[in-house]
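# Analysis of the macromolecular model
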Amino acid sequence: MERRTVVPALATVSLLLCFGIIGVVADASNHRYKPEETVPLYANKVGPFHNPSETYRYFDLPFCSPAPVKDKLEALGEVLNGDRLVDAPYKLDFRVDYDSKSACKKQLTKEEVAKFRSAVEKDYYFQMYFDDLPIWGFIGKVEKEGKSDPSEYKYFLYRHILFEVLHNNDRVIEINVHTDVNSMVDITEDKDIEVDFMYSVKWKETETPFEKRMEKYSQSSSLPHHLEIHWFSIINSCVTVLLLTGFLATILMRVLKNDFVKYAHDEETGDDQEETGWKYVHGDVFRFPKNKSFLAACLGSGTQLFALTTFVFILALVGVFYPYNRGALFTALVVIYALTSGIAGFVATSFYCQLEGTNWVRNLLLTGFLFCGPLFLTFSFLNTVAIAYTATAALPFGTIVVIFLIWALVTSPLLVLGGIAGKNSKAEFQAPCRTTKYPREIPQLPWYRGAIPQMAMAGFLPFSAIYIELYYIFASVWGHRIYTIYSILFVVFIILLIVTAFITVAMTYFQLAAEDHDWWWRAFLCGGSTGLFIYAYCFYYYHARSDMSGFMQTSFFFGYMACICYGFFLMLGTIGFRASLLFVRHIYRSIKCE
């Protein structure tokens, strides 16, 4: 009784600890302003427009900076997102208009001019937050008209920013930023110049309510032509599911029905003819697989990632991840992953013990490091790259300590408690057929029945069901598009699970019909092979659909996408294996096996 009460109690304390220390979301500003009250404006970061991961602190470029520069206290998710907010050099007072007000005059040295020119050449943009509303702008432009030789290009720095703010009574509703193309500084040559950075502010009244001020940022993803493509994606996926389901219903069920009739007839007539097909391997089909500890760890980690994805979808569908809720997704991923580690421990250890495993402690350690290990190694390398580039993607030491404490104080204890609960559950495997003492020899099979060809066939159909939607997800994660239609994404995710389960069951049946009883790992690999297709799509997206370049951006893209695709491999492999296990149990329970 004590153990049963300790587990939920510790989970509750852990939940309060995580949510209390780091928060789940960065709440939007709900402040009401008085006339002439200063509205907070924070400068966030700058970076090449086509390299979303390569961002730097705003004052890494020699802009006018207040003395001293004050950093804004940020939540964990904001830091993970690469946000580094500081006080901006512009002062915006509520409902106070300014016309060409000077922020500061600065004498730029040759080195600083060269730095600005390099940034303009790389198409740098800046990002700021005004009352928690994001704003962007480019820092300059390159004049290429009529010039074929890059050495003849002219580089200009914008020195005048125009702020247009909409308000509804005492609340800020919307802000738009423009750069004055008539007020530029020529920075083509390396020479000392004086720049007068200026800004103008224009306040306007609007009737848009405060509750709808974020809708502006989600309109781009819900435009009619975008919705048509999204719905086309869903229709395409549904047709795929229907065709696959129909194929399985007409072919598999008919074949299985004939098998059942044949086997029942053989038993009634007492024929001594040799068994063929999947019944022939009934004495080996439930023989425990090799590396069962590793398989159990994969199933535990895959189940945890499935639970993580489900909880994230629930938060998305209830509106937590509204556009530019800074760091909310990263915070949710860290917190939910920590709190669901008990699921991984329970599933892995329980299944391992069902397979008559004895060293459950080693199995639990393997489960804990199966996903976190590669993720930690990838993060260590990429964080080192970010430090070398002095980019905002480099996590501060304090943030790394917080993540380590979450892992040590929440993730690991819940993993151990889940493992202990799984060990004490004493569930039995309960195979419907008795396993023979010695395994039958697997016949020689053609090359296309090997593991790799089967994985290729099994992964292609689920990937084709999500292919269209995948572009929009990539454009949101690795670009500047906004993705807000989570309901459509959830439907596509359900379709992905259904197609993965059905195609894995079909592959398992064909394998057993060929008298190959070594199906355990094959089912997991065929289910997870969609993750490999998604990673292959990464190469296509990088070279054909994006303009990303540079070592840092390339390493971040392929490094973190490798971790994401590995997570998909574990999750979908678990779905495929569980579906195949249910299918195999069902068909062998339906016949008499002596």
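Residues numbered from 1 in each chain as written. Predicted model: local features only at pLDDT ≥ 70, side-chain atom pairs only at ≥ 80, totals over all residues. Heavy atoms only, no water.

An unreviewed UniProt entry lists the chain under the name Transmembrane 9 superfamily member, with Dendrobium nobile given as the organism. In its Sequence similarities (unreviewed entry) section, the UniProt record describing the chain reads: "Belongs to the nonaspanin (TM9SF) (TC 9.A.2) family." (UniProt positions renumbered as here; feature names shortened; annotations may be inferred.)

### Brief notes about the overall build of the chain
Scanning the chain from terminus to terminus reveals 14 helices and 14 strands. Partitioning the intrachain contacts of the chain with sequence separation of at least 6 by distance along the chain shows that 80% fall at a separation of at least 24. (Helix = DSSP H or I, 4+ residues; strand = E, 2+ residues; numbered from the N terminus. Contact = heavy atoms within 4.5 Å.)

### Looking at the packing of aromatic side chains
Aromatic ring pairs are reported here in terms of the distance separating the ring centres and the angle at which the planes meet. Inspection of the entire model under this criterion finds 57 aromatic pairs. Note on phenylalanine 313 and phenylalanine 490: the rings are 5.3 Å apart at their centroids and 65 degrees apart in plane angle, and the pair reads as edge-to-face. With a gap of 177 residues between them, phenylalanine 313 in helix 6 (residues 292-317) and phenylalanine 490 in helix 12 (residues 486-513) connect regions that are remote in the sequence. The ring centre of tyrosine 471 lies 4.7 Å from the NZ or CZ of arginine 545, which sits over that ring. In this structure, arginine 585 packs its charged tip against the face of phenylalanine 429, placed 4.5 Å from the ring centre. (Phe/Tyr/Trp six-rings, centres within 6.5 Å; stacked < 30°, edge-to-face > 60°. Lys NZ or Arg CZ within 6 Å of the ring centre and 35° of its normal.)

### Re the sheet that holds strand 9 (residues 140-143)
The strand order 9-10-13 describes an open sheet built from 3 strands, whose pairing is antiparallel. Edge positions in the open sheet fall to strand 9 and strand 13 (184-186), since each of these has one partner strand only. With direction set aside, neighbouring strand axes in the sheet form an average angle of 30 degrees. In this sheet, strand 13 lies alongside strand 10 (residues 154-158) in antiparallel orientation, the contact comprising 3 bridges. Bridge pairing links leucine 157 to valine 185 in strand 13. Contacts between helix 3 (residues 110-121) and the sheet are confined to strand 9 and strand 10, with strand 10 contributing the most and set at about 100 degrees to the helix. (Pairing = 2+ DSSP bridges. Axes fitted to C-alpha atoms, helices over the stretch in contact; angles between N-to-C directions.)

### Quick look at the pairing of strand 10
Counting buried positions along strand 10 gives 4 out of 5 residues, so the element sits mostly inside the fold. Pairing of strand 9 with strand 10 involves 4 bridges; the strand directions are antiparallel. Bridge pairing in strand 10 links valine 142 to tyrosine 155. (Buried < 20%, exposed > 50% of the residue type's maximum accessible area, 1.4 Å probe, protein only.)

### Let's talk about the nonpolar core
In terms of nonpolar packing, the biggest core is built from 93 residues, with Phe351, Phe474, Trp519, Phe524, Phe557, Phe577 and Tyr588 touching the most fellow members. Setting aside residues up to four positions removed in sequence, phenylalanine 577 forms contacts with Leu295, Leu299, Phe351, Trp519, Trp520, Ala523 and Phe524. Counting residues in hydrophobic clusters, the runner-up holds 56 residues, among them Val120, Ile139, Tyr155 and Met552. (Core = buried A, V, L, I, M, F, W, Y, C linked by side-chain atoms within 4.5 Å.)

### Description of the sheet that holds strand 6 (residues 98-108)
The 4 strands lie next to each other as 6-14-11-12, forming an open sheet whose pairing is mixed. In the strand order of this sheet, the two ends are held by strand 6 and strand 12 (171-179), each with one partner. Strand-to-strand twist across the sheet, computed as the mean angle between neighbouring axes with direction ignored, equals 20 degrees. The pairing of strand 6 with strand 14 (residues 193-205) spans 8 bridges and is classified as antiparallel. If you follow lysine 105 over to strand 14, its bridge partner there is aspartate 196. Packed on one face of the sheet, helix 3 meets strand 6 and strand 14 and runs near 120 degrees to strand 6.

### A look at the packing of helix 6 against helix 14 (residues 551-589)
It is at 8 Å that the axes of helix 6 and helix 14 come closest, and there the two elements cross at 105 degrees. The angle between the axes of helix 6 and helix 14 places the two elements in the roughly perpendicular class. Counting all contacts with helix 6, which are made through Leu295, Cys298, Leu299, Ser301, Gly302, Thr303, Leu305, Phe306 and Thr309, the residues of helix 14 involved are Gly567, Leu570, Met571, Thr574, Ile575 and Phe577. In terms of residue class, the contact of helix 6 with helix 14 is made up of 9 nonpolar, 6 polar and no charged. (Parallel < 35°, antiparallel > 145°, perpendicular 65-115°, else oblique. Nonpolar A, V, L, I, M, F, W, Y, C, P; charged D, E, K, R; others polar.)

### Here we look at the packing of helix 6 against helix 7 (residues 328-339)
At a minimum axis distance of 10 Å, the contact between helix 6 and helix 7 shows a crossing angle of 140 degrees. Here helix 6 is positioned oblique relative to helix 7, judged by the angle of their axes. Along this stretch, helix 6 crosses helix 7, giving a crossing that reads as right-handed. From helix 6, Gln304, Leu305, Leu308, Phe311, Val312 and Leu315 reach across to helix 7, where they touch Leu329, Ala332, Leu333, Ile336 and Tyr337. For the contact of helix 6 with helix 7, a count of residues per class yields 10 nonpolar, 1 polar and no charged. (Left-handed = near helix turned anticlockwise from the far one by under 90°.)

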